[in-house]
Amino acid sequence: MTIREALREGLREALAGDPRVLLIGEDVGRYGGSYAVSKGLLEEFGPDRIRDAPLSELAFTGAGIGAALGGLRPIIEIMTVNFSLLALDQLVNTAAALRHMSGGQFSVPLVVRMTTGAGRQLGAQHSHCFDGWYAHVPGLKVLVPATVTDARYMLGAALADPDPVVVLEHAQLYNQSGALTGRPEPAEMWRATVRRPGRDISLIAWGGMLPRTLAAADSLAETGIDAEVIDLRSLRPLDDERLLASVRRARRALVVDEAWRTAGFAAEISARLMEGALYELDAPVARVCGAEVPMPYAAHLENAALPQTADIFRVARELVRGAPA
Amino acid sequence: MTIREALREGLREALAGDPRVLLIGEDVGRYGGSYAVSKGLLEEFGPDRIRDAPLSELAFTGAGIGAALGGLRPIIEIMTVNFSLLALDQLVNTAAALRHMSGGQFSVPLVVRMTTGAGRQLGAQHSHCFDGWYAHVPGLKVLVPATVTDARYMLGAALADPDPVVVLEHAQLYNQSGALTGRPEPAEMWRATVRRPGRDISLIAWGGMLPRTLAAADSLAETGIDAEVIDLRSLRPLDDERLLASVRRARRALVVDEAWRTAGFAAEISARLMEGALYELDAPVARVCGAEVPMPYAAHLENAALPQTADIFRVARELVRGAPA
Amino acid sequence: MTLHGLYPVPLPRDECTDLLRQMLRIRRFEEACAQWYGLQKIRGFLHLYIGEEAVATGVIRALADEDAIVATYREHGHALVRGIPANSVMAEMFGKVTGCSRGRGGSMHLFDATRRFYGGNAIVGGGLPLAAGLALADRMQHRARVTACFFGEGAVAEGAFHESMNLAALWKLPVLFCCENNDYAMGTSLERSQSQTDLCARAASYGMPAEAVDGMDVVAVALAARAAVAAVRAGTGPRFLELRTYRFRAHSMFDPELYRDKSEVALWRERGPLHTFSDRLKAQASLTEEDFLAIDAAVTAEIRDAVEFAERSPLEPVEDLLRDVHTPSAVP
Amino acid sequence: MTLHGLYPVPLPRDECTDLLRQMLRIRRFEEACAQWYGLQKIRGFLHLYIGEEAVATGVIRALADEDAIVATYREHGHALVRGIPANSVMAEMFGKVTGCSRGRGGSMHLFDATRRFYGGNAIVGGGLPLAAGLALADRMQHRARVTACFFGEGAVAEGAFHESMNLAALWKLPVLFCCENNDYAMGTSLERSQSQTDLCARAASYGMPAEAVDGMDVVAVALAARAAVAAVRAGTGPRFLELRTYRFRAHSMFDPELYRDKSEVALWRERGPLHTFSDRLKAQASLTEEDFLAIDAAVTAEIRDAVEFAERSPLEPVEDLLRDVHTPSAVP
Ligand SMILES: Cc1ncc(C[n+]2csc(CCOP(=O)(O)OP(=O)(O)O)c2C)c(N)n1
Ligand SMILES: Cc1ncc(C[n+]2csc(CCOP(=O)(O)OP(=O)(O)O)c2C)c(N)n1
Ligand SMILES: [Mg+2]
Ligand SMILES: [Mg+2]
């Protein structure tokens, strides 16, 4: 099963199981979903519940908030995270703030799905990674599926939550296939997990960076370095406990983040390890991040701007073995 | 001279010295500026150059970009940083990206001024701090004046720059007064500076947090702790050199950031110190940040949500003396 | 624009008294606010509705309990007319835990879930998408409810206005858009902010029935609102009311009012919604001076009590600062 | 909508030939793009303009060199007609350093500063504010220049459209808004995205003169554009042209076209701008079949050369990745 199919199954289950659930977004219906995630759902659930919206990101996101207040369980699809900047005001100033600023009177059970990430030669306006921005906002929660099983069940976890949840789906993962393992405990969806145990270094990743981090761990194994790979899964709340436990064991850590380095989410991980594990660290926590540049179209430049398996491998090996003389 | 007056003098000088300079924003003219920064300029420079805009943050910010491309030197005033979310798409996807994605053909000499920060009981939608978000974006530069002299001359530095510069003015600073010292070297405006030298700990702040950080340093002095206070001034580019030099001397550091803790700009400082000074640190770099909560209106809650002098003092003392038993 | 003001008031006497009393409640409430702001018991931004009372009063009295309201930062009047007790609104202004948002919202963020009062939104235009969504929920769940959405004429320039108007019209959502045209957005007059100053023409361009109403005449507002609410409730899609009004006070307590002449304000004050309405009622003998004084005395007492209540109410414990960032739930 | 197509073409012969040649250049260029996309030499998103050639051709040939153009992600045609050499546009598609954006922009981000071609914007509606600003600079610097801003009918739903239209009309900015109404935004037809499907009525609601033009007829477009450009240049404020057209191909190379019938496409293809125009020219004897073949041969050669040029051009050195994030400057 591909991650795309797993996400679609998650949507189908949600729609079939709860008449309050609806999907709103640009081209989710007639077109079949710009990344084909919602393909076929229009036929199954009709145009009211698979609701094509005009090009009005701000309004239909805000309408999702209102619909959630009105008793529905809307899933908003923002075609890509880049366009979500147009809707950010509603997410930050209304969705995230409403409950607290009303003194706890309202819940906003809204799920906002967005395709994120680079790697498809889409250029400077279609390749952003704003994971850290969404993770910055109290009142929001942020889930990032990176495996078929998580893709299949995270939507359910997000919908079960009474508060607004942003789900970031990486464009490069949609075609990945894998085995669907059993339905995880709901609470597990919100916790970091060890994708590969290891003793020498903790490699911390999430979403689109997970596959190449696992690949780097395999390469490291060939040179005798036993790397642990942590998949954060939830960026907000962040699972400090498992994160710190892993790094305290391995005494070295590397964070892989597709986003621009300065003030990206990797900085938060590094800061938390500074605060929670400084005395157990045998080396500085390293960040392997995207280059600080609007994403270029040309493949060789885009590749150079993104964290690659080889980069992760190289930096991890230096952390464990020391820099080459 | 107050910081407000200093900012106004900076504007006046820019407008008088270059006919291409104009100020665009909501109520910058007839109303006199919502924080009275531009008061009187309409009379002096006329409605074409002190240009009141409709409530259309996205369009007039984007128009600023176009005007800059067309040979003007626009200064866009976004009334408060909260509303800048509505304009963020233009800033990130056009202003910041245009030069690189066109292969270097265009410069966007745009200055965007925004009032930022909490502390005036304005509640959840008017009290944000997005310093770290703007500092995340390659293609933008971010200046944060915190003293009368910087307020007076930073606009000049921003306008002299050929690229888009965001200037974050903290609402709580406008009424602060101080002496205007001589015109600094232009390059200095982009560099961190030591506001108070000290040997025991480096306190790192910028913008609205500077006065209370200095106050905390004074209190620390009374307990025999000699704190250095660094004012970053520019968040992007960030002056690693002076930052690291200070922390390497003091071997302890504390970052003060008004923003929500998770993935705020303080995390970036901590991460850079992790990377550049780990072996010289005698204690983990600490962050004193805003509470992770939409800003409440009630004064006692707002105070509790913001870093206070006493918090900075307490955490700094613990870092130097060890936590109380 | 229909001028009902010239005719005998076509409403039963008790309804007229109610409208008058509601407007007076707003007026006295806000006069107290201004006073207590001066005493620094109320802080932050304070936007007074004085002069515009007929708008909220006329529209909201035309709504049913099950209907919803979305308002702006200038919403004390809307909250009061909706039935949020003056005590709890005033306590909110004072930042007390007995306030309708536990003191966290203040003047700009009044909320009341039980009365379907969805704020109190301080982002200009920010309420319109929300209203569309509330109405979508009603429509999809086959509830004949109306969502009344208030916003100023300044908001009409925002992208959020355009997107929401289109969405509501396209999806035939039961929203009553109520544009409070007081001719100024802070210091910017309509003609300096809109190329199209005929706001009904703007609304009509979305294929939405639109009507301009004398917003200084509470009866005109009430009648127009009733008709519009009925049409929206009947499922004919959204409607737009432009309520032509004026704010007598400054935009907020920080506004030096450089942008308009005192004489302009004076002219509009002559058309003040309170005295013109009570004069009319008196002229047609539906109200005596004694009636008026009695109502005013009761209202004044209510507001005085509210201030007292606010003053002696406790603050939210500071330990509760992080409470309700999220809804209590098992996971995560 | 004026139908010029029925009358003899009211333009000199060499102008007609030029229009035909420009349309043919776009067509052949994009046919090559589709082919090389299949061969994976061109990647990313590719949006073809095939079927819509008359729009860019008619409008852009009405502009002067000093005028500016702001376009969308479907802008190969605009770039070519503007005079960016096919070599450098094709090299851009191939991601080569000889491309008009050094290979960094690709299909969606074509730029040329010397020709005042300001992109290539992939945020729907994102170009409109930019166009307003370029025009503001002209107006304030007393230059009689026009900024032509292209966008699809889908963009009309965006807040950016509304805000920019209002700003341009309010400030009388010399912008020519060119709405390429091909009836679909990806898979969403105009009637499913706009409550007001008469786009000229929408534009007129900003007080902006607006005209609908048969966008399949290059002569109609050219004539309407000339008149509009002249009016804008004369300082009468912005204008709006709705250019009714159709895209013959899928939205992008990923689009399965589930949302429209083949028969609808076939019907529009009959009105294809290239063959109808060449037929008319032939019918009135301004063009022979040999002329046509000669033009086509020249154009085909030009495009073949462009592909060759693109293929053999070098990539930007990877060390230059960080170059031009900022303008080289002394400080900071
Ligand atoms: C998006 C946004 N921009 C700017 C502001 C600052 N601001 C608050 S009220 C206001 C004027 C709004 O005018 P209008 O919509 O006419 O309402 P009125 O205040 O007249 O009731 C402005 C500019 C804001 N709150 N939100
Ligand atoms: C703000 C934004 N939202 C969504 C998209 C994705 N998208 C790209 S093109 C397009 C359709 C635009 O349609 P239209 O404006 O009619 O132009 P056309 O493609 O028909 O030329 C969409 C939805 C985008 N690029 N930007
Ligand atoms: Mg107003
Ligand atoms: Mg279209």
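On a predicted model such as this, the values are computed, not experimentally measured, just so you know.

Basis of the calculations
Residues numbered from 1 in each chain as written. Chains lettered and ligands numbered in written order. Predicted model: local features only at pLDDT ≥ 70, side-chain atom pairs only at ≥ 80, totals over all residues. Heavy atoms only, no water. Helix = DSSP H or I, 4+ residues; strand = E, 2+ residues; numbered from the N terminus. Rg over C-alpha atoms; globule rule 2.2 N^0.38 Å. Buried < 20%, exposed > 50% of the residue type's maximum accessible area, 1.4 Å probe, protein only. Contact = heavy atoms within 4.5 Å. Areas by Shrake-Rupley, 256 points an atom, 1.4 Å probe, with all protein chains shown as cover. Lys, Arg positive; Asp, Glu negative; His and termini not counted. Charge placed at Lys NZ, Arg CZ, Asp CG, Glu CD. Donors = N, O, S within 2.8 Å, 3.2 Å for Na, K, Ca; no water. Expected span 1.5 Å × (residues − 1). Near = heavy atom within 4 Å. Polar contact = N/O pair within 3.5 Å; in protein donor to acceptor, adjacent residues only side chain to side chain. Nonpolar A, V, L, I, M, F, W, Y, C, P; charged D, E, K, R; others polar. Buried area = accessible area lost by both parts, 1.4 Å probe. Salt bridge = Lys/Arg side-chain N within 4 Å of Asp/Glu carboxyl O. Pairing = 2+ DSSP bridges. Axes fitted to C-alpha atoms, helices over the stretch in contact; angles between N-to-C directions. Parallel < 35°, antiparallel > 145°, perpendicular 65-115°, else oblique. Left-handed = near helix turned anticlockwise from the far one by under 90°. Core = buried A, V, L, I, M, F, W, Y, C linked by side-chain atoms within 4.5 Å. Least-squares fit on C-alpha atoms with pLDDT ≥ 70 in both.

*Asks:* Can you help me understand the overall build of chain A in this one?
*Replies:* Along chain A, the regular secondary structure elements total 12 helices and 12 strands. Its C-alpha atoms give chain A a radius of gyration of 20 Å, within 12% of the compact-globule value 20 Å for 325 residues. Each principal axis of the C-alpha distribution contributes one length, and for chain A these read about 65 × 45 × 40 Å. Counting the 325 residues in chain A, one finds 74% classified as buried. Pairs at least 24 apart in sequence give 82% of the contacts found in chain A among residues at least 6 apart. Surface accessibility of chain A: about 8500 Å² in total, with carbon and sulfur atoms responsible for 49%. In chain A, 33 positive and 39 negative side-chain charges are present, and the distance between their average locations comes to 2 Å.

*Asks:* Would you mind going over the overall build of chain C with me for this structure?
*Replies:* Of the regular secondary structure elements, chain C holds 12 helices and 8 strands. Expected size for 332 residues packed as a compact globule is a radius of gyration near 20 Å; at 19 Å, chain C falls within 12% of this value. The principal-axis extents of the C-alpha atoms in chain C amount to approximately 55 × 50 × 40 Å. Relative to its full complement of 332 residues, chain C shows a buried share of 65%. A separation of at least 24 residues holds for 74% of the contacts in chain C among residues at least 6 apart in sequence.

*Asks:* Sorry, what's going on with the coordination of the magnesium ion (ligand 4) here?
*Replies:* All names here are of chain D. Summarising the metal site, the magnesium ion (ligand 4) is bound by the protein donors Glu153 (OE), Asn182 (OD1) and Tyr184 (O), whose distances to it range over 2.1 to 2.2 Å. Considered as a linear motif, the donors of the magnesium ion (ligand 4) on their single chain read E-x28-N-x1-Y. Highlighted residues: Glu153 in the loop between strand 3 (147-152) and helix 6 (159-170) and Asn182 in the loop between strand 4 (175-181) and strand 5 (184-185), separated in sequence by 29 residues.

*Asks:* What is the right way to look at helix 5 (residues 127-140) of chain C in this model?
*Replies:* Side chains that are three or four residues apart share a direction in an α-helix, a result of its 3.6 residues per turn. Residue and element names in this part refer to chain C. In this model helix 5 runs 20 Å from its N-terminal to its C-terminal C-alpha over 14 residues, within 8% of the 20 Å that 1.5 Å per residue would give. Most of helix 5 sits inside the fold, with 13 of its 14 residues counted as buried. Immediately beyond the C-terminal end of helix 5, within one or two residues, lies His142, with a positive phi of roughly 55 degrees.

*Asks:* What exactly am I supposed to notice about the site of ligand 2 here?
*Replies:* The full set close to ligand 2 counts 22 residues, and Glu57 of chain A together with Tyr73, Arg74, Ala122 and Tyr184 of chain D are the nearest of them. One finds residues of chains A and D in close proximity to ligand 2. Arg74 of chain D places a polar side-chain atom, nitrogen or oxygen, 2.7 Å from an oxygen atom of ligand 2. With respect to ligand 2, the side chain of Asn182 of chain D contributes an N or O atom lying 2.9 Å from an oxygen atom. Considering only residue class, the shell around ligand 2 consists of 12 nonpolar, 5 polar and 5 charged.

*Asks:* What is the right way to look at the coordination of the magnesium ion (ligand 3) in this model?
*Replies:* Tetrahedral metal sites with four donors have an ideal angle of 109.5 degrees; octahedral sites with six donors have ideal angles of 90 or 180 degrees. Residue and element names in this part refer to chain C. Each protein donor to the magnesium ion (ligand 3) is listed here as Glu153 (OE), Asn182 (OD1) and Tyr184 (O); together their distances run 2.0 to 2.2 Å. Taken in sequence order, the residues that donate to the magnesium ion (ligand 3) follow the motif E-x28-N-x1-Y. The exposure class assigned to Tyr184 is buried, which follows from its relative accessible area of 9%.

*Asks:* Even after reading the chapter, I still don't get the interface of chain B and chain A, so can you show me in this structure?
*Replies:* Accessible area lost during the coming together of the parts is what is often quoted as the interface size. On the chain A side, the residues contacting the 52 residues of chain B number 52 residues. Summed over both sides, the interface of chain B with chain A buries roughly 4500 Å², with 65% coming from carbon and sulfur. If you sort the residues of chain B by the area they bury against chain A, Trp133, His136 and Met274 of chain B come out on top, with a joint share of 17%. On inspection of chain B and its partner chain A, the count reaches 8 salt bridges. Among the salt bridges present, the one from Glu292 of chain A reaches Arg236 of chain B, with a minimum N-O distance of 2.7 Å. If you look at where chain B meets chain A, you find 17 residue pairs in polar contact (both at pLDDT 80 or more).

*Asks:* Mind showing me how you'd approach the site of ligand 1 here?
*Replies:* Taken together, 22 residues form the shell around ligand 1, and within it Glu57 of chain B together with Arg74, Ala122, Asn182 and Tyr184 of chain C come nearest. Separating a nitrogen atom of ligand 1 from a side-chain N or O atom of Glu57 of chain B is a distance of 2.6 Å. Interatomic distance of 2.8 Å between a backbone N/O atom of Tyr184 of chain C and an oxygen atom of ligand 1. Residues belonging to the shell around ligand 1 are distributed by class as follows: 12 nonpolar, 5 polar and 5 charged.

*Asks:* In this structure, what is going on with the pairing of strand 4 (residues 111-116) of chain A? I would like to understand it.
*Replies:* The side chains of a regular strand alternate, residue by residue, between the two faces of the sheet. All names here are of chain A. For strand 4, a buried count of 6 out of 6 residues is recorded, marking the element as mostly surrounded by other parts of the structure. The two faces of strand 4 match: Val111, Arg113 and Thr115 on one face and Val112, Met114 and Thr116 on the other face are all buried. By the bridge criterion, 6 bridges tie strand 4 to strand 6 (residues 165-170) in an arrangement that is parallel. Each residue of the ladder has a partner; that of Val111, found in strand 6, is Val165.

*Asks:* What should I look at first to understand the packing of helix 1 (residues 13-38) of chain D against helix 10 (residues 273-283) of chain D in this one?
*Replies:* Packed helices, taken two at a time, are described by the angle their axes make and the gap between the axes. Residue and element names in this part refer to chain D. Relative to each other, helix 1 and helix 10 sit at 155 degrees, their axes nearing to 10 Å. Relative to helix 10, helix 1 is oriented roughly antiparallel. Classified by chirality, the crossing of helix 10 by helix 1 is left-handed. Where helix 1 abuts helix 10, its residues Cys16, Leu19, Leu20, Met23, Leu24 and Arg27 lie against Pro273, Leu274, Phe277, Ser278 and Leu281. Its residues assigned to classes, the contact of helix 1 with helix 10 shows 9 nonpolar, 1 polar and 1 charged.

*Asks:* Would you take a moment to explain the side chain of Asp324 of chain C for this structure?
*Replies:* You can see Asp324 of chain C is positioned in the segment after helix 12 (289-312). According to the relative accessible area criterion, Asp324 of chain C is buried, its value standing at 9%. Within the structure, Asp324 of chain C has its side chain in polar contact with the side chain of Arg99 of chain A (distance 2.9 Å). Beyond its immediate chain neighbours, meaning those up to four positions away, Asp324 of chain C contacts Arg99, His100, Gly103 and Gly104 of chain A together with Arg104 of chain C.

*Asks:* Any chance you could explain the nonpolar core here in plain terms?
*Replies:* Generally speaking, nonpolar side chains in soluble globular proteins are found buried as a group. Formed by 226 residues in total, the largest nonpolar core has its most connected members in Leu232 of chain A together with Leu232 of chain B. Contact partners of Leu232 of chain A, with chain neighbours within four places excluded, come to Arg191, Ala192, Ile204, Ala205, Trp206, Leu238, Leu243, Phe265 and Ile269 of chain A.

*Asks:* Which parts of the structure should I look at to understand the sheet that holds strand 5 (residues 141-143) of chain B?
*Replies:* Strand pairing in a sheet takes place through backbone hydrogen bonds and is either antiparallel or parallel in direction. Residues and elements named next belong to chain B. The 7 strands lie next to each other as 2-1-3-4-6-5-10, forming an open sheet whose pairing is mixed. Looking at strand neighbours, the two that pair on one side only are strand 2 (50-52) and strand 10 (234-236), the edges of this open sheet. Strand-to-strand, the axes of this sheet are offset by a mean angle of 20 degrees, without reference to chain direction. Pairing between strand 3 (residues 73-78) and strand 4 (residues 111-116): 4 bridges, direction parallel. Following the sheet pairing, Ile76 is matched in strand 4 by Val112.

*Asks:* Which parts of the structure should I look at to understand the relation of the copies chain B and chain A?
*Replies:* Copies of the same chain, two in number, are related to each other by a rotation about an axis and a translation along it. Of the transformation superimposing chain B on chain A, the axial component is 0.0 Å and the angular component is 180 degrees, with the fit at an RMSD of 0.0 Å. Put plainly, the chains are arranged around a two-fold axis. When the interface residues of chain B are mapped onto chain A, 100% of them are again interface residues, pointing to one common binding face.

*Asks:* Help me understand the pattern of salt bridges in this model?
*Replies:* Where charged atoms from two side chains of opposite charge come close, those side chains can pair. All names here are of chain A. Scanning all chains against the criterion turns up 114 salt bridges over all chains. The closest approach of N and O atoms between Arg113 and Glu77, which form a salt bridge, is 2.8 Å. Of the two residues, Arg113 is situated in strand 4 and Glu77 in strand 3 (residues 73-78); the sequence distance between them amounts to 36 residues. Residue Arg113 is classed as buried on the basis of its relative accessible area of 3%. Several salt bridges converge on common partners, so that one network encompasses Asp150, Glu188, Arg191, Arg195, Asp231, Arg233, Asp239, Glu241 and Arg242.

*Asks:* Honestly, the interface of chain A and chain D in this entry has me stumped. Any pointers?
*Replies:* Across the boundary between the two partners, chain A contributes 33 residues, which contact 42 residues of chain D. Roughly 3000 Å² of surface becomes buried between chain A and chain D when both sides are summed, with 63% attributable to carbon and sulfur atoms. For Asp52 of chain A, the salt bridge is made with Arg192 of chain D, and the minimal N-O distance between the two is 3.1 Å. Applying the counting rule to chain A against chain D returns 13 residue pairs in polar contact (both at pLDDT 80 or more).

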